[in-house]
Amino acid sequence: MPARRRAVQIALVTATLALGLPATASMAQAGTSDLYVAPSGNDRAQGTARHPVRTLERARDLVRARAHDLTADLTVHLAPGTYRGTKPLVLDARDSGSNGHKIVWQGAGEGATVVSGGRQVGGWSPVRGRFGLWSAPAPRSLTDSRQLYVDGVRAQRARGTVPVGLTQTATGYTASADTLAHWKHPEDAEFVYTSGEALWNVERNGLGQWTEPRCRIDSAQGTTITMVQPCWDNSNKRVEFPDIPGRSVSMVGPGKLTNGGKATYVENAYELLDQPGEWYLDRHAGRVYYMPRKGEDLGRADVEVAQAEKLLDVRGTADAPVHDVAFRGLQFSYATWLTPSRPEGFSEIQAGYTITGDRGWATQGLCGYVDGGTCPFASWTKMPGNVSVTYGQRLDFGDNVFAHLGAAGLDLGAGTEDTTVDGGIFTDISGNGLEVGGVDGRTPASGVEVTNNHLYGLPREFHGGVAVLNGYTQHNTIAHNQIDHVGYSAISMGWGGWPDKIGDIATPNPSHDNAVRDNLIYDYLQMLDDGGGIYTQGLTGTSMADGEKVTGNVIHDQLGLGKNVYTDNGCTYETVEGNVLYNAVYANVGSRHTDYRDDLGNNDPTLIKDNWWQEGTSDGDNKGLVTTGNRLMASPSDVPSKVLEDAGLEPSYQHLLDRRVGALAAPEAPSRVGLSAAGASALYVTFNPTFADGGSPVTGYSVRLYDAQGAQVARRDVTAAEFKRTAYVRVDSLPDSGGPFTATVTARGAHGESAPSIASLPLAATAVSTLPAAPTGAKLRTEATKATVAWTPPTVTGDAKVVGYRVTVSDGRAPVEVTGRDTLVTQPTAKGMFRVLDGLKPGTSYTVTVAAVTAAGTGPAATATATTRTS
């Protein structure tokens, strides 16, 4: 090889190594027209390997000069490091590939190349007179933020119980004292209304058990608290049908905040800073306050406050789409979303959709039902993505990380076509993980493939968010993803089916030929309720042939009330086939809905076929709802191993499960703590467990009880496994005063203990004397060697809160003690319970009894008798 040529190659290898690119890959893939970017580069440079540019915007401008006539893919090589910006990188049609070749924005992978909307916070010093509290000057030009991170670990905005009683008014509240008026900046404080199912004395606030709306205080003068508009009216004046009391015209949740508008807690005030890991931005004084966690050194830590609201904006149009662009090996982090902090607030409908705008409560999305209702029906406002696409074609998001984000992670919006999202990680995101398509009548997303991604530990702030939100779409595939540890539903499909609640047809929509297959989903509905592992709303196609296909998924270990596969209002033409569904709370597949497209009284056409499940519903055709060939399972060992192995990440993507995002940390605090009497000196405590574990499994929980003066009177530690088995903790030997007592819960892991949860409501410890009534509707659904025993919980009478059931079988086996979250959460609304009995003999008659258990003892039993099949 000539010496000059060899010297040039050596120089190229040296430069690419300096950029953090593998030499072999760079020599094989880097073309002479490729561009190079490095945080240490210079935007006056030409973007070569030896002379990289510094900013993504400059790289984009250089790409535009070359993109129109490509002869090969043009790769923009981003060296390891952080690329900061307070505004998004905006791409339009000029930034597209050409002649069948792509523009590839290539990072170094493994989280090494970070596209950041954050600003570093330095200059920390202790706050005089506030032990453990530190402050620093806010970065210049920072006007507001909702997120702060310390070494990649999300801090909690300062929060606590509302320190005064609240009586709702037309414009806000009358407080029992003027406490809030004396806060430094009450107008920064935000009330949070957490919902969920009714359970013991857990507060059920919000706008439906799947929601957690938020509204900020506008002013506090004396005892008068005025809330911001339009958030307040949009959350309290939703139009209701005059002839259907309590039914909102939106048909999604109530017309106003429940429980008298009571807030679950208040957030974002200096006066609430009392726990390690909490922070507050005094935007008036330009100071950031933080209470370090154990082991954190603010002199050395990388403290990032999120400033930009968007990191990447792929902004095509119907006439000029952005096409043939790839984003690979990048991490998108440290972006915020400020709309909830503004007067608009967060007036949630479902899955991060909100009612917005002045008089949104009166018209938004109410097409056909009120004068001036905007169309189409249910076209509410979608949560934005910190990375967003509109009218993008043939885009590729591969091997990226979406983490430490304040809105949705990635939004593939209207007009997105033939786009792939694969090999990605979505975690530590405030709202929805990934959004595909919309519901506003614009061009549906089509041909989108979401495959082999790991979505977990979300949503962190807007807890009604979902891991994957898929609106009105066509030919989309969501396959081989792993979704675990999420606060609400894992995958939400479709929209607009709610009119069947009043006997109307579901909203017409363009969806068809969508598939949700071979995903592994577990530990979902960890905070809110009435959702599913895979939840579908509305029409899914025009026939069973092109309707939604839900196949080959493994879905298990649901905490909240819902279903493994939830076919909700207006869900029509869905096929649920070959899935493995177990450890649900209420049903494996449901529910039945009437098809109102004619007057024949049929049900929405649905096929439930060849699944492994536990509910055991018999084969049959219930007016179009066909159930056939499903098999009972007592445990995963009853399922062919290949079926289990085929779900979730494919082998070449399993490494995603070992990748860590952010520093290892203590878990997030549990939520929704509730109490029930267990005796004259004992209480039961339940709570929603932690789903953001800090990078290592939660190993246990500590329950602390306090008397009316705030003094701790008892503590009980349990393992995470013990709590999962029972879903409650019994605390004995309480003081003779009987209370009332409140409780907090912390979570423990390998890297520390969480901050305490928001305290429960108070409850006295009292003797429990009332035995529960007998369950009703006991049934025995049999196969040859297995049977499902199903029953409806007894009606709550007095203090008879059910904490378990005792099941006996006539073959003399030991009684089966049934415990778990479903035993607690199904009773208040009498939702069905079921368990699978194994080891039965074919062709044999069995009698089974089911009795409820409370602190007072075991009540009378319900009885069911049936004969197992012969084969």
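Residues numbered from 1 in each chain as written. Predicted model: local features only at pLDDT ≥ 70, side-chain atom pairs only at ≥ 80, totals over all residues. Heavy atoms only, no water.

As for the overall build of the protein chain
Of the regular secondary structure elements, the protein chain holds eight helices and 70 strands. Compactness check: the protein chain gives a C-alpha radius of gyration of 28 Å against a globular reference of 29 Å for 871 residues, within 12% of the reference. Taken along its principal axes, the extent of the C-alpha atoms in the protein chain is 90 × 70 × 60 Å. Scored against the burial criterion, the 871 residues of the protein chain give a buried share of 59%. A sequence separation of at least 24 residues applies to 73% of the contacts in the protein chain between residues at least 6 apart. Accessible surface computed for the protein chain: about 31500 Å², of which carbon and sulfur atoms make up 50%. One way to put it: in the protein chain the 76 positive side-chain charges average out to a point 5 Å from where the 91 negative ones average out. (Helix = DSSP H or I, 4+ residues; strand = E, 2+ residues; numbered from the N terminus. Rg over C-alpha atoms; globule rule 2.2 N^0.38 Å. Buried < 20%, exposed > 50% of the residue type's maximum accessible area, 1.4 Å probe, protein only. Contact = heavy atoms within 4.5 Å. Areas by Shrake-Rupley, 256 points an atom, 1.4 Å probe, with all protein chains shown as cover. Lys, Arg positive; Asp, Glu negative; His and termini not counted. Charge placed at Lys NZ, Arg CZ, Asp CG, Glu CD.)

Re the nonpolar core
What tends to happen in soluble globular proteins is that the nonpolar side chains get buried as a cluster. Ranked by internal contacts, the top residues of the largest apolar core, which has 93 residues, are Val 76, Trp 105, Phe 397 and Ile 491. With four residues, the single largest contributor to this core is helix α3 (residues 56-64). Excluding residues within four positions of it along the chain, Ile 491 makes contact with Val 468, Ile 478, Ile 483, Val 516, Asn 519, Ile 521, Gly 533, Ile 534 and Tyr 535. Grouped together as the second largest cluster of nonpolar side chains are 31 residues, Val 127, Phe 191, Leu 207 and Leu 273 included. (Core = buried A, V, L, I, M, F, W, Y, C linked by side-chain atoms within 4.5 Å.)

Topic: the pairing of strand β24 (residues 322-328)
Walk down a regular strand and you will see the side chains alternate between the two sheet faces. Here β24 lies mainly inside the structure; five of its seven residues are buried. Both strand β5 (residues 103-106) and β24 contribute to a ladder of four bridges, which runs parallel. If you follow Val 104 over to β24, its bridge partner there is Ala 326. As defined by bridge partners, β24 adjoins strand β29 (residues 392-398) across six bridges and the pair is classed as parallel. Residue Arg 328 lies in a different strand from β29, and its bridge partner there is Gly 398. (Pairing = 2+ DSSP bridges.)

Some points on the sheet that holds strand β13 (residues 159-160)
Pairing in this open sheet of seven strands is antiparallel, and the strands run β13-β19-β16-β17-β18-β15-β14 from one edge to the other. Among the strands making up the open sheet, the edge pair consists of β13 and β14 (166-168). Note: strand β16 (residues 190-192) against strand β17 (residues 214-221), three bridges, orientation antiparallel. If you follow Phe 191 over to β17, its bridge partner there is Cys 215.

Points about the layout of surface pockets
In this approach the atoms are scanned with a rolling probe the size of a water molecule, which exposes any empty space left behind. Its volume calculated, the second largest pocket comes out at about 620 Å³. As for the second largest pocket, its lining consists of 27 residues, of which Ala 587, Val 589, Glu 615, Thr 617 and Arg 781 are closest to the centre. Only β48 (562-567), β51 (586-590), β54 (620-622), β55 (625-628), β64 (776-782), β65 (787-792) and β68 (833-837) provide two or more residues apiece to the lining of the second largest pocket. Tallying contributions element by element places β51 first for the lining of the second largest pocket, with four residues. (1 Å grid on protein atoms, 1.4 Å probe; cavity = no way out; pocket = protein on both sides within 12 Å on 5 of 7 lines; lining within 4 Å. Points joined across faces, edges and corners; volume = space filled by probe spheres on them.)

Brief notes about the environment of Phe 327
Mapped onto the elements of the fold, Phe 327 is located in strand β24. For the pair Phe 327 and Ile 425, spaced 98 residues apart in the sequence, the C-alpha separation amounts to 14 Å. The contact partners of Phe 327, leaving out residues within four places of it in the chain, are Leu 91, Trp 105, Leu 312, Val 314, Asp 396, Phe 397, Gly 398 and Asn 400.

Regarding the sheet that holds β68
Judged by pairing direction, the sheet is antiparallel, and its three strands sit side by side in the order β64-β65-β68 without closing on themselves. Bordering the open sheet on either side are β64 and β68, each of which pairs with just one other strand. In this sheet, neighbouring strand axes are inclined to one another by 15° on average, regardless of whether the strands run parallel or antiparallel. Here β65 runs beside β68; their pairing, made up of five bridges, is antiparallel. (Axes fitted to C-alpha atoms, helices over the stretch in contact; angles between N-to-C directions.)

Considering the packing of aromatic side chains
Inspection of every chain in the model, using the stated rule, returns 26 aromatic pairs. Between Phe 687 and Phe 723, the ring centres sit 3.9 Å apart and the planes meet at 10°, which makes this aromatic pair stacked. Taken as a pair, Phe 687 in strand β58 (residues 682-688) and Phe 723 in helix α7 (residues 720-726) lie far apart in primary sequence, 36 residues in all. Residues Phe 687 and Phe 723 agree in their burial class; the two are buried. For Arg 159, the ring lying beneath its charged end belongs to Tyr 265, and the centroid distance is 5.1 Å. Above the plane of the ring of Tyr 586 lies Lys 831, whose end atom (NZ or CZ) is 5.9 Å from the centre. (Phe/Tyr/Trp six-rings, centres within 6.5 Å; stacked < 30°, edge-to-face > 60°. Lys NZ or Arg CZ within 6 Å of the ring centre and 35° of its normal.)

Considerations on the confidence of the model for the protein chain
Per-residue confidence for the protein chain gives a mean pLDDT of 95; residues scoring 70 or more make up 96%. Counting interchain partners and residues more than four positions distant, the pLDDT-below-50 stretch residues 1-32 has 30 contacts. (pLDDT = per-residue confidence, 0-100.)

Digging into the state of the cysteines
Tallied over the entire structure, the rule returns two disulfides. The disulfide partner of Cys 215 is Cys 231, and the gap between their sulfur atoms is 2.0 Å. Taking the torsion about the S-S bond as the criterion, the Cys 215 to Cys 231 disulfide, at about -85°, is left-handed. Taken as a pair, Cys 215 in strand β17 and Cys 231 in helix α4 (residues 231-236) lie far apart in primary sequence, 16 residues in all. Across this residue pair, the class does not change: Cys 215 and Cys 231 are buried. (Disulfide = S-S within 2.5 Å.)

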